[in-house]
Amino acid sequence: MSRNVLVVAHTGRKEARDALRQAVPELRARSFSVYMTDAPVEAINGYGVEAFTPAPGKPGVRIEDFEIVMVLGGDGTILRAAELVFGTTVPILGINLGHVGFLAESERDDLTQAVARIANRDYQVEERRLLEVFVYRPGFAEPIKDWALNEAAVEKSEAARMLEVAISVDNRPLSSFGCDAVITATATGSTAHAFSAGGPIIWPDVSAKVLVPIAAHALFARPIVVGPRTDFMIDVLQRSPNGGILVTDGRRQTALAPGSRVIIKTAHTPVLVERLDTVSSADRLVNKFNLPVVGWRGIDERNPLAGQDLHGQESEFDLPPTSQLTLAPDAPQPGHPETSPTTEVD
């Protein structure tokens, strides 16, 4: 049976074209049929890529026929691939050619290894929860339906004027204020736009969503984290001096006139993402943002008894294992509720 892989690449960038020239021959050498959306002529004529046009209901290869979607680019390219696989069980594997590339699993130097792992089906599939978005507009009976992997942002439509909004949680009013925007993000999107606006980082396996106001003219306008069964409602107030724009994943826009309402839920259908390693979310944060985790003492701050620093080098401190440590005579013993002695004061 033929194995199909769809490659989505930012071919306007030289790095993506170079990666494409490497990836396609390696995939074909492992008996994959390689397809591309918006395939450049060079890819079709030069190394045997077949063009793929999403056309539901028409004969030919369907998106469901692909074993995997390989993305060569940054997070924006991965979000474009998510539009293709939305509503299917086809997973995405991102090869980062961008800057942070938080959604990507591998870096450019690991491309050959990634192809081999795909061919051997040596990977894990992780579910990423989505936002389900409903837009109710004045004068329209039916809502516009949308979705987002990262975030749905209600933004002001004019730079010089604030957007007046009211926020509700599960149909209960919470607050109203003027602002530049209100972002609602998934756990996946908590490290994107919402993170830049001062929102919290949510671990990917947490089924939560966060609402983050931007430049709110209010004393209480803090980020709010809720569970998957709780809904957010954002009303563009009639008194707002201008309307707004709903932007989902930075790719789709919907105009919001005063009086519009945006309801944001947690979707039941996820997007699937391939994982090639078991790197923890904490290590991923450290690597992507180059966080300063090594303290001035040079010891592994996460495990001071490990005897190694975070770069795998032997620490200058030769510490004994925990089992060999002895407590001071007056220290409380593990497992006992006693507290350490106190000094009486006259």
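As a starting point, this report considers the structure included with it.

1. Remarks on the side chain of threonine 37
Here comes step 1: Within the secondary structure layout, threonine 37 lies in the loop between strand S2 (32–36) and helix H2 (41–47).
Here comes step 2: Among the residues examined, threonine 37 registers a relative accessible area of 10% and is labelled buried.

2. Some details on helix H4 (residues 111–119)
Here comes step 1: Most of H4 is tucked away: 7 of the 9 residues are buried.
Here comes step 2: Along H4, the residues that are buried comprise Leu111, Ala114, Val115, Ala116, Arg117, Ile118 and Ala119.
Here comes step 3: In the stretch just after H4, arginine 121 is the one whose phi turns positive, near 55°.

3. As for unusual backbone geometry
A negative phi holds for most residues other than glycine; trans holds for most peptide bonds.
Here comes step 1: One non-glycine residue with positive phi stands out, namely serine 31, at about 70°.
Here comes step 2: Relative to the elements of secondary structure, serine 31 occurs in the loop between helix H1 (14–29) and S2.
Here comes step 3: The phi angle at aspartate 170 is positive, at roughly 50°, despite the residue not being glycine.
Here comes step 4: Relative to the elements of secondary structure, aspartate 170 occurs in the loop between strand S11 (163–169) and strand S12 (172–179).

4. Section: the packing of aromatic side chains
Here comes step 1: Under the criterion given, the structure shown has 3 aromatic pairs.
Here comes step 2: Seen from their ring centres, phenylalanine 52 and phenylalanine 66 are 5.0 Å apart, and the 90° between their planes marks the pair as edge-to-face. Of this pair, phenylalanine 52 sits in the loop between strand S3 (50–51) and strand S4 (68–73) while phenylalanine 66 sits in the loop between S3 and S4, and the two are 14 residues apart along the sequence.
Here comes step 3: Given the relative accessible area of 4%, phenylalanine 66 is considered buried.
Here comes step 4: Connected via pairs of aromatic rings, a cluster forms that spans Tyr35, Phe52 and Phe66.
Here comes step 5: Cation over ring: arginine 137 sits above phenylalanine 140, and NZ or CZ is 3.8 Å from the ring centre.
Here comes step 6: The positively charged end of arginine 252 is found above the aromatic ring belonging to tryptophan 147, 4.7 Å away from the centroid.

5. Notes on the environment of arginine 172
Here comes step 1: Relative to the assigned elements, arginine 172 resides in strand S12.
Here comes step 2: Overall, the relative accessible area of 58% leaves arginine 172 in the exposed class.
Here comes step 3: Spatially, the C-alpha atoms of arginine 172 and phenylalanine 232 are 9.5 Å apart, while their sequence positions differ by 60 residues.

6. A few points about a nonpolar patch on the surface
Here comes step 1: On the surface, a cluster of nonpolar side chains totalling about 310 Å² of accessible area is made up of Phe195, Ile201, Trp203 and Val206.
Here comes step 2: As for its position among the elements, valine 206 is in the loop between helix H5 (193–196) and strand S14 (209–214).
Here comes step 3: The class for valine 206 is partly exposed, based on a relative accessible area of 38%.

What counts and how
Counting starts from 1 at the beginning of each chain's written sequence and moves along it residue by residue. Reporting of local features is limited, given that this is a predicted model, to residues whose pLDDT is at least 70; pairs of side-chain atoms are given and counted only at 80 or more, and all residues count toward the totals for whole chains, interfaces and linings. Processing note: side-chain calculations cover all non-hydrogen atoms of the structure and skip hydrogens and water entirely. Under the scheme used here, helices are H or I runs from DSSP no shorter than 4 residues and strands are E runs no shorter than 2 residues, and both carry numbers assigned from the N terminus. Note on classification: 1.4 Å probe, protein chains only; a residue is buried when its accessible area is under 20% of the maximum for its type, exposed when over 50%, partly exposed between these limits. Working definition: a ring pair exists when centres of Phe, Tyr or Trp rings (six-membered ring for Trp) sit within 6.5 Å. Plane angles under 30 degrees give stacked, over 60 give edge-to-face, the rest tilted. A ring has a charge above it when a Lys NZ or an Arg CZ is no more than 6 Å from the ring centre and no more than 35 degrees off the ring normal. Patches draw on residues past 30% relative accessible area with no salt bridge. Two like charges within 9 Å are joined, as are two nonpolar side chains (Val, Leu, Ile, Met, Phe, Trp, Tyr) within 5 Å. Surface accessibility follows the Shrake-Rupley procedure with a 1.4 Å probe radius. Residue values consider only the protein chains on display as shielding. A pairing counts as a salt bridge when a side-chain nitrogen of Lys or Arg comes within 4 Å of a carboxyl oxygen of Asp or Glu.

Geometric values such as these leave the question of function open.
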